[in-house]
Each structure stands twice: as C-alpha cells, then as structure tokens.
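Structural characterization, general
Chain by chain, the residues:
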Amino acid sequence: METARSAERQRTAAESRRRELLEAADRVVLRDGPHASMNAIAAEAGITKPILYRHFGDKGGLYRALATRHTDALLSALRAALDAPADRRRRVESTLETYLAAIEARPQVYRFLMHPADGAADASPADASSGEQGFDVGRHSAPLLRRLGEELGRVIAERVDLGPDSERTARIWGHGIVGMMHAAGDWWLGDRPCSREQLVRALADLLWGRLAEAGDLRGGPGF
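Residues numbered from 1 in each chain as written. Predicted model: local features only at pLDDT ≥ 70, side-chain atom pairs only at ≥ 80, totals over all residues. Heavy atoms only, no water.

Let's talk about the overall build of the protein chain
Within the protein chain, the secondary structure is distributed over eleven helices and two strands. Reading the helices (α) and strands (β) of the protein chain from amino to carboxyl end gives α-α-α-α-α-α-α-α-α-β-α-α-β. When burial is assessed residue by residue, the protein chain has 40% of its 223 residues classed as buried. Sequence separation of 24 or more characterises 70% of the internal contacts of the protein chain that already satisfy a separation of 6 or more. Carbon and sulfur atoms make up 53% of the accessible area of the protein chain, which totals about 11,600 Å². (Helix = DSSP H or I, 4+ residues; strand = E, 2+ residues; numbered from the N terminus. Buried < 20%, exposed > 50% of the residue type's maximum accessible area, 1.4 Å probe, protein only. Contact = heavy atoms within 4.5 Å. Areas by Shrake-Rupley, 256 points an atom, 1.4 Å probe, with all protein chains shown as cover.)

Quick look at the nonpolar core
Judged by nonpolar contacts, the single largest core of 54 residues is most densely connected at Leu52, Leu62, Leu96, Tyr99 and Leu113. Top contributing element to this core by residue count: helix H4 (residues 59–82), with nine residues. Those residues in contact with Leu52 that sit more than four places away from it in its chain are Leu21, Met38, Ile41, Ala42, Ile47 and Leu62. (Core = buried A, V, L, I, M, F, W, Y, C linked by side-chain atoms within 4.5 Å.)

Brief notes about the pattern of salt bridges
On inspection of all chains with the given rule, the structure shows 20 salt bridges. Note that Arg17 is salt-bridged to Glu20, the shortest N-O span being 3.1 Å. Taken together, the positions of Arg17 and Glu20, both in helix H1 (residues 2–32) and three residues apart, correspond to about one turn of that helix. For Arg69, the salt bridge goes to Asp26, with nearest N and O atoms at 2.9 Å. (Salt bridge = Lys/Arg side-chain N within 4 Å of Asp/Glu carboxyl O.)

What to know about the packing of helix H5 (residues 88–105) against helix H11 (residues 196–213)
Packing of H5 against H11 leaves a shortest axis separation of 9 Å and a crossing angle of 135 degrees. In terms of axis orientation, H5 runs oblique to H11. The two elements H5 and H11 cross, and the hand of that crossing is right-handed. Within the contact between the two elements, H5 uses Arg88, Arg89, Val92, Glu93, Leu96, Glu97, Leu100, Ala101 and Glu104 and H11 uses Arg196, Leu199, Val200, Arg201, Leu203, Ala204, Asp205, Leu207, Trp208 and Leu211. (Axes fitted to C-alpha atoms, helices over the stretch in contact; angles between N-to-C directions. Parallel < 35°, antiparallel > 145°, perpendicular 65-115°, else oblique. Left-handed = near helix turned anticlockwise from the far one by under 90°.)

Let's talk about the environment of Ala73
Tracing the backbone shows Ala73 in helix H4. Taking the C-alpha atoms as reference points, Ala73 and Ala102, separated by 29 residues in sequence, lie 9.8 Å from one another.

Here's the deal with the packing of aromatic side chains
Per the stated rule, a full pass over the model turns up one aromatic pair. Residue placement shows Arg89 over the ring face of Trp208; its charged tip is 5.7 Å from the ring centre. A cation over a ring is seen here: Arg192 above Trp188, with NZ or CZ 4.6 Å from the ring centre. (Phe/Tyr/Trp six-rings, centres within 6.5 Å; stacked < 30°, edge-to-face > 60°. Lys NZ or Arg CZ within 6 Å of the ring centre and 35° of its normal.)

A closer look at the side chain of Thr95
With respect to the helices and strands, Thr95 occurs in helix H5. Here the side chain of Thr95 touches Arg91 through a polar contact of 2.8 Å, landing on its backbone oxygen. When near neighbours in sequence (up to four residues on either side) are disregarded, Thr95 contacts Leu78, Ala81 and Leu82. (Polar contact = N/O pair within 3.5 Å; in protein donor to acceptor, adjacent residues only side chain to side chain.)

Section: the environment of Ala43
In this fold, Ala43 is placed in helix H2 (residues 38–45). For Ala43, a relative accessible area of 59% corresponds to the exposed category. C-alpha separation for the pair Ala43 and Ala25, spaced 18 residues apart in sequence, amounts to 9.9 Å.

A word on the side chain of Ser166
Residue placement: Ser166 occurs in helix H10 (residues 166–191). Given the relative accessible area of 15%, Ser166 is considered buried. Among the polar contacts made by the side chain of Ser166, one reaches the main-chain amide nitrogen of Leu162 at a distance of 3.2 Å.

Shown next as structure tokens:
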C-alpha cells in the first residue's frame with residue numbers, strides 16, 4: 001500500500017515538473033519563436049540540458065509535447081465555436097475566426113510549430129557556438145495538421161448528414177478545411193493583405209456551398 005502511494009506521489013511530482021518545464025519552454029518560444037533551442041529552454045527552467053532530455057527524450061520529444069499542448073487548446077476552442085448557440089453560417093465564421101485569432105495572438109508559437117526551417121537555418125550566434133541549431137521539426141508539423149484534420153472530420157461527421165459515405169466525406173472535408181485555413185492563414189499572417197474579418201467572410205463564402213444545403217445528422221448534436 002505504501003509502495004503504491006509512493007509511486008503515485010512520484011508520478012504526480014513528475015507530471016508537475018513536466019508542466020513547469022513546458023511552461024518554461026512556452027516562455028522561450030514566445031520570445032524566440034522558431035529560434036527556440038534546448039539550451040535556451042534549459043536556461044529558462046534553471047536546469048541543465050541533460051535534465052531536459054531526461055524528461056522529453058530529445059528535441060523532437062519536447063516539440064511533440066508543446067505541439068500537443070497547443071493543439072489541444074486550439075481544438076477545444078474550435079469545438080466551442082462549432083457548438084455555440086448560433087446559426088450554422090455564424091458558427092462556420094466563428095470557427096474560422098477562432099483559428100485566425102489564435103495564430104494572430106501568438107505568432108511566435110505558430111511560427112515555431114509551422115516554420116521550423118527558419119530556426120534551423122538561422123540559429124542565433126550563441127546557439128551556433130554551442131552546437132545547438134534550434135528545432136529541426138519540419139517532419140513533425142505535417143502530423144500536427146493531420147491531427148487537426150482528423151478531429152475536424154469527426155466533428156463534421158457527428159453533426160452533418162452528408163448522405164451516402166458520409167463519414168468518408170466528412171474526413172475529406174475536415175482535412176480540406178484545415179489545409180485551407182492553414183494555407184490562407186499563413187499567407188495572411190505574413191502579408192496582411194486584408195483584415196481578419198474580410199478573410200473570415202471570404203473563406204466562409206468558399207465553404208458555404210453544400211454545407212448550407214446539408215441537413216443535421218439525425219440524433220447528432222446538430223450544426
């Protein structure tokens with residue numbers, strides 16, 4: 001019994017320490033964006049880099065933990081927008097607005113998650129001299145978008161009747177909508193060719209076709 005309690009205390013302490021380290025990593029990412037390095041994160045947390053590796057395994061492990069943290073928060077916000085008490089067109093616009101507002105509010109986090117090559121190619125002099133070249137996480141950003149696409153596809157499948165093969169169609173729509181949001185949002189965040197409101201309306205117009213005509217799925221939460 002005491003052994004079980006001791007193991008639980010150790011597990012709780014490890015989870016708490018992991019959260020503290022992720023919060024330190026977040027602070028560095030907010031400051032440095034894709035230039036964030038393990039050296040800088042360890043310094044921010046007041047530990048050595050080997051201790052950081054002990055908790056996350058490697059740079060990829062830390063990146064995945066940060067990506068999960070931010071993706072979970074974004075998915076929660078998107079689901080709230082989709083479930084808001086409003087007509088379907090307004091909820092579509094609100095979902096697009098939620099995504100664009102999130103990347104606009106924390107552009108350094110967005111660039112860290114989606115533009116890792118910038119950090120790998122342009123490491124700071126301090127990092128270069130220490131052998132730390134930033135996060136080479138390009139191979140991880142595609143799975144992050146894939147997860148968003150799968151989650152959005154599930155949300156659509158739960159709510160909208162798309163006829164025969166509805167589940168497959170919902171998955172196609174989920175990945176297509178995420179791809180559209182990502183590409184349009186990336187372009188907009190860099191160039192700022194229009195207001196966020198104008199972009200939301202234009203993207204909603206693009207999506208509205210069949211989505212306006214489809215009925216709610218019988219027995220589902222409605223959309």
